[in-house]
Amino acid sequence: MANIKGGRAARKRDRQNEKARKRNSAVKSRLHEDHKKLFKAADAGKADAAEKKLKEFVSGLDKAVKKGIIKKNTANRKKSRAQLKVNKMAAAAQEPAKA
């Protein structure tokens, strides 16, 4: 904890900031892990696993936006890119079936 002026209220604010920083870091870390798992499943061509991971990832992003951890446009961009990845994987899986 920082040695700051301001007395009791400043120390309390410092404690609150530290708690929020840890919570935000944990949420961002979880989102990053979900993102990696989603893209790994999509690259492997596992459609059902990728759809499940996409749902979890989108849900996590929406919760993070609601709590103010990430911005709305950032979440929308990540959701869009993840959906594109899943769609491309699904299209690639169907293309050999057509031929």
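What comes next concerns the included structure. (Residues numbered from 1 in each chain as written. Predicted model: local features only at pLDDT ≥ 70, side-chain atom pairs only at ≥ 80, totals over all residues. Heavy atoms only, no water.)

**Overview of the overall build of the protein chain**
No. 1: The helix and strand tally for the protein chain stands at 3 helices and 0 strands.
No. 2: Its helices and strands taken in sequence order, the protein chain reads α-α-α from the N to the C terminus.
No. 3: The C-alpha radius of gyration computed for the protein chain amounts to 19 Å, which surpasses the reference 13 Å derived for 99 residues by more than 25%, pointing to a less compact arrangement than a globule.
No. 4: Dimensions of the protein chain, computed from the C-alpha atoms along their principal axes, are close to 75 × 20 × 15 Å. (Helix = DSSP H or I, 4+ residues; strand = E, 2+ residues; numbered from the N terminus. Rg over C-alpha atoms; globule rule 2.2 N^0.38 Å.)

**A few points about the nonpolar core**
No. 1: Core analysis: the largest hydrophobic core is formed by 14 residues, its most contacted members being Leu 38, Ala 50, Leu 61, Ile 70 and Val 86.
No. 2: Elements supplying a minimum of two residues to this core: helix H1 (8-44), helix H2 (47-66) and helix H3 (72-98).
No. 3: When near neighbours in sequence (up to four residues on either side) are disregarded, Val 86 contacts Leu 38, Ala 50, Glu 51 and Leu 54. (Core = buried A, V, L, I, M, F, W, Y, C linked by side-chain atoms within 4.5 Å. Buried < 20%, exposed > 50% of the residue type's maximum accessible area, 1.4 Å probe, protein only. Contact = heavy atoms within 4.5 Å.)

**Brief notes about the pattern of salt bridges**
No. 1: What the rule picks out here adds up to 4 salt bridges.
No. 2: A salt bridge links Arg 21 to Glu 18; the shortest N-O distance between them is 2.7 Å. On the criterion of helical spacing, the pair formed by Arg 21 and Glu 18 is a turn pair, its members being 3 residues apart in helix H1.
No. 3: When its relative accessible area of 33% is taken as the criterion, Glu 18 is described as partly exposed. (Salt bridge = Lys/Arg side-chain N within 4 Å of Asp/Glu carboxyl O.)

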